Amino acid sequence: MISKVYTILVDRFGEDALLYFDDTLNPYIQVNPEQIQMLCIFMRYNPALKFSFFFSLCGVDYPEKNQITMVYHLFSMKQKKMCVLKTSVSRKNPELESIESVWKAAGWFERELYDLLGVNFTNHSNMKRLLLPDDWVGHPLRKDYEEPSFYHDMETSRNRIS
Amino acid sequence: MPESELKYLKPQALAFKEEMILNMGPQHPSTHGVLNFLVVTDGEVIHQALPNVGYLHRGIEKLAEQTSYTGFIPFTDRIDYLAAMFANHVYVLAVESLAEIEVPERAQFLRVIACELNRIASHLISTGALALDIGASTPFVHWIRERECINDIMEAICGARLTYSYMRVGGVSRDISQKIVDDIYKFLDHFEPIIDEYNRLISFNEIFVRRLADVAIISPVDAVNFGLVGPNLRGSGITMDIRKIIPYSVYDQFDFDIPIGKGFKGSLGDCYDRYFVRILEIKESCSILRQALSQIPKGDIKAKVKRKLKIKENECYACVESARGEMGMYLVSDGSDRPYRLKIKTGSFTAMSIVEKVSQGLMVADLIALIGSLDVVAPEIDR
Amino acid sequence: MKENANLLFVFLFKTPIEGSGYSLAWYILFVFIIAGALLFFAANFAGITSFIERRIAARIQTRVGPNVVGPQGILQWVADGIKLLLKEDLIPDRADQFLFRVAPYFVFSGLFAAFVALPFGYGIVAADLNVGVYYIFAITSLVVVGIIMGGWSSNSKWALFGALRSAAQIISYEIPTALSLIPVIMLTGSLSTQDIIKAQGGLPWDWFVFHSPFTFVCFVVFFISALAEGNRIPFDLPEAESELVSGYNTEYSGFRFLVFPMAEWANLWVIAAMVSLTYLGGWQVPFVSIETLSGSLVLIFLSVAVFVIKTSIVVFIVMQLRWTLPRVRVDQMTQLCWTYLVPFCLVAIVGTMIWMLIFPWETRVALLLRLMMFGIGFAFCFFYVRRIRFNYFNDKTAYENLKKKSPWYPIWRLP
């Protein structure tokens, strides 16, 4: 299954860049953040892999580990299986290479992550907030996010209105 | 338009003096919810259409982190109000696979029946609203009439007409009686000929065909690249259906086709293909419903689940084939009674991102057709 | 001073107008009475048609429609009018105030002036102009001037889109409308609406529509372009409510808004009356010659009834089309006009000329050919009715199967 994919990837990228975990329900491959774009290109276009479908990109904030983990869900029609890639960036100054050039679909997911988690994707064509207003302060999906009590001089909490 | 928005337009935009910027939405009759498009047009021809989403962002993913596993089910209804059952389904699938709960067979069949009914209802709205956008109001009203029958059945099944909250972790909320089964059969007998009538009314109407055929063509390569899912992807001729490829629930027991676009009236991947694939899917859903109703076994409808569900540290990605394509949820648990992180991936989100590419060179009326044929639902984009 | 007053009195009340026995004051009074009567008819027709159209639309869409105000909702249009009158007359900021205020008047006057030359029965016409048909087309183009004014002055891009579409539409469709009437004018030798009707007969095969295949083509072309001129679906591009929010009248409210839909529905009568008078025999009563018609008041009333019935049928068909068909795109609209309608018209004009030379109206062969054409036309109508009947019963049985009761439409209920 995914372990076969892992062996193909290891042949190309070497042991120390990739780690294979199967302690979760969907086994995943931990990737070095510097290599994520190359890996994605390889996975998409390698004739043995052909992970042509980009399912989703998710970011999980781990304050205690002081890192944000990116989770890529890829799907290969050829092998009819899903592959999960993970890569972690630091919480302080999260920066990661964009994979918009590999899958256009990732563009909006990355913008959403920039919006809600504050991960900055380099080489992205249009890195700005997607869902929230442009002048919003903070990144709501971070665990230590606190809602500002005022937005444009409007109170955001509901209980003080009455 | 505010000056601050102007800088996000691409440099080639506004190069011609004849161009103007049209703010389409958020209050526009055809944007299917609260959406905004910054449209750069030269007369009627669109040079660029930038979708501007986020008006319906309610932070459902953040809410999930503060709600218990079972308490989050009603929130999933609000992700996509036209096809609430699928969001229910994918969420309980994710929780069940994390908590390792075995769902009784009857409950799985009930889920499939509810989902397929909801798929029909959602496709009715989608195809009807497309006809409404093109200017024909009668097909929409006729479809609403049929959807009303489904809503009545849904009300009998789960007590709600729009936001169902039917699924429970480990099963469904209530059983269906023989009367409801008969009602569904009666509805199907009534409904299947109506599809043909609808086709006579609008699908093969010459004006309708000409408005949609060869308009806003999405090539298969683009469709995959932009991550289109569901009927939009199948309209581009790619046989991709989660029900067949990663079978969940009991879908592997049914025999059904995956309709794909073949360039029915124009070229492959145009608006008409996306539209007609939905019509064909309605027929397939009817056939699945008949099979599910005939095979439904006796038994429990809900597995034993602890009242306060706590799931040990784990994560999973569950996906279903929703009416708007693959809907996935990535659920991370941390041992507490709440999800640590929930990521909801929806079909409309990726469908919206392709508008910018496809809309170049279309006319204003075609943009409406494109949005209608992509079947975007605004709360699903913003969540 | 007194002499001047006397002179004025004589001029107003004693001096008969040339060619008639009445003085100027009476003349002005007549004009006002007739104009008032026409206005009364047009405004009420527009209102009642708006109600009837909504009921027909409801029946087509298996809904109920407005049925609350008055018996069976028949006063709905009055309620709508009062509601719109009570609304604030809003003028958008930075709109061109003058043009914005003036535009509804153009629409209003353009349309109601057309009623002057429209006949209602034998001899019942406000002014039997010798350029009647072309007067109507010229004056209804004024509506578009109003639409463009309103759209431009609203300072809204949607309204501007609607106005420009309207301009493109009228520029295109004036031509096939005019061209498709040329066969009729050739057959009649006159532009007067009364003369056109008099040249036809009461029986269907004496109508111009069945004169030859060419006039039949012209009839279809005329009907299509009349739809386009009246901004009806499938050509309601200026007011495409799903694309342009509401088109040229997006920014209007209150009474100024009311004028636009009112003009649209009054225009419906103009379209239908034009169709029926040019091609469908107008007020001609079957089996009654014009000489006997002119003698009897009862027969004149009958002719009015015939004309109203014919026009109402055309109005109904226009409504039915509106609630059945989708809308065409802008480029398709102009393409349809220039690549199909105009060439067809030109061919048909030449064809009619030749036809007139080979088969003059009075000959037996011409009558036979007209009968054949009538047979074909009748077959069209037959299949049209059969198709509707088929779909109706299809839907009815489906409803009965589902609800186990039959849909009950009592005969006394309005459409």
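Up top you'll find the structure we're talking about.
Quick caveat, the model's predicted, so the values are computed rather than measured. (Residues numbered from 1 in each chain as written. Chains lettered and ligands numbered in written order. Predicted model: local features only at pLDDT ≥ 70, side-chain atom pairs only at ≥ 80, totals over all residues.)

Looking at the interface of chain B and chain A
Our working definition: Contact between two residues is assigned whenever their backbone-derived C-beta positions fall within 7 Å. Under the DSSP-based scheme used, a helix requires at least four consecutive residues in state H or I and a strand at least two consecutive residues in state E, with every element numbered from the N terminus.
Taken together, the contact between chain B and chain A spans 29 residues of the former and 27 residues of the latter. When contributions to the side of chain B that touches chain A are tallied by element, the ones reaching two or more residues are helix H2 (60-64), helix H4 (84-99), helix H9 (220-225), strand E6 (314-322), strand E7 (325-333), strand E8 (339-345) and helix H13 (347-353) of chain B. With four residues, E6 of chain B is the largest single contributor of residues to the side of chain B that touches chain A.

Thoughts on the sheet that holds strand E1 (residues 20-24) of chain B
Residue and element names in this part refer to chain B. For the record, the criterion: Strand pairing requires that DSSP identify at least two bridges connecting the strands. Only the stretch in contact is used when fitting a helix axis, every axis being a line fitted to C-alpha atoms; angles between N-to-C directions are given from 0 to 180 degrees.
One open sheet accounts for three strands, arranged E1-E2-E3; its pairing is antiparallel. What marks the edges here is a single partner per strand, and that holds for E1 and strand E3 (45-52). On average, each strand axis in the sheet is inclined to that of its neighbour by 20°, with strand direction left out of account. In terms of strand pairing, E1 meets strand E2 (residues 36-42) through five bridges, oriented antiparallel. Note that in E2 the partner of Leu 22 across the bridge is Val 39.

What to know about the environment of Gln 320 of chain C
Residue and element names in this part refer to chain C. Which entries qualify depends on this criterion: The burial criterion counts other C-beta atoms lying within 10 Å of a residue's C-beta, which is placed from the backbone; the residue is buried at 20 or more, exposed at 12 or fewer, and partly exposed between these limits.
By the element assignment, Gln 320 lies in helix H11 (residues 297-322). Exposure remark for Gln 320: the 15 C-beta atoms within 10 Å place this residue in the partly exposed category. Note: C-alpha distance between Gln 320 and Leu 191 (129 residues apart in sequence) is 30 Å.

Quick notes on the arrangement of the chains
Among the two pairs of chains in contact, the pair with the most contacts is chains B and C. Separated throughout, chain A and chain C approach each other most closely at a C-alpha pair spaced 25 Å apart.

Quick word on unusual backbone geometry
Trans is the prevailing form of peptide bonds, just as negative phi is the prevailing case for residues other than glycine. Residues and elements named next belong to chain C. Phi at Asn 231 takes a positive value of approximately 55°, unusual for a residue other than glycine. Structurally, Asn 231 can be placed in the loop between helix H8 (213-229) and helix H9 (254-278). Positive phi, normally seen in glycine, also occurs at Val 245, with a value near 60°. Considering the arrangement of structural elements, one finds Val 245 in the loop between H8 and H9. Owing to 22 C-beta atoms within 10 Å, Val 245 belongs among the buried residues under this scheme.

Re helix H12 (residues 330-358) of chain C
Residues and elements named next belong to chain C. Where we set the bar: An expected span of 1.5 Å times one less than the residue number is assigned to each helix. To get the bend at any residue, fit one axis to the seven residues that end at it and another to the seven that begin at it, then take the angle between the two axes.
Look at H12: 41 Å from first C-alpha to last across 29 residues, which is about the 42 Å you get at 1.5 Å a residue. At Cys 337, H12 shows its maximal bend, which comes to roughly 30°. Along H12, the residues that are buried comprise Val 330, Met 333, Leu 336, Cys 337, Leu 341, Cys 345, Ala 348, Thr 352 and Trp 355.

Points about the interface of chain B and chain C
This is how the line gets drawn: As a working rule, the residues Ala, Val, Leu, Ile, Met, Phe, Trp, Tyr, Cys and Pro are called nonpolar, Asp, Glu, Lys and Arg charged, and the rest polar, with Gly in that last group.
With 33 residues of chain B in contact, the opposing surface of chain C contributes 27 residues. Only E1, helix H5 (105-134), helix H6 (138-158), helix H7 (178-203), helix H8 (206-212) and helix H15 (364-374) of chain B provide two or more residues apiece to the side of chain B that touches chain C. In terms of residue count, the dominant contributor to the side of chain B that touches chain C is H7 of chain B (six residues). A per-class count over the side of chain B that touches chain C returns 17 nonpolar, eight polar and eight charged.

A short note on H8 of chain C
What sets the pattern is the α-helix's 3.6 residues per turn: residues three or four places apart point alike. Residues and elements named next belong to chain C. A rise of 1.5 Å per residue sets the reference length of H8, with its 17 residues, at 24 Å; its end C-alpha atoms lie 24 Å apart and thus fit the reference within 8%. With 14 of 17 residues buried, H8 lies mostly within the body of the structure. Just beyond H8, the residue with positive phi is Asn 231, at close to 55°.

Notes on the pairing of strand E2 (residues 28-31) of chain A
All names here are of chain A. Pairing between strand E1 (residues 18-21) and E2: four bridges, direction antiparallel. When the bridges of E2 are listed, Tyr 20 appears paired with Ile 29. As consecutive antiparallel partners, E1 and E2 are separated by six residues. Note: E2 against strand E5 (residues 81-90), three bridges, orientation parallel. Note that in E5 the partner of Ile 29 across the bridge is Leu 85.

Taken by themselves, the reported measurements are silent on function.
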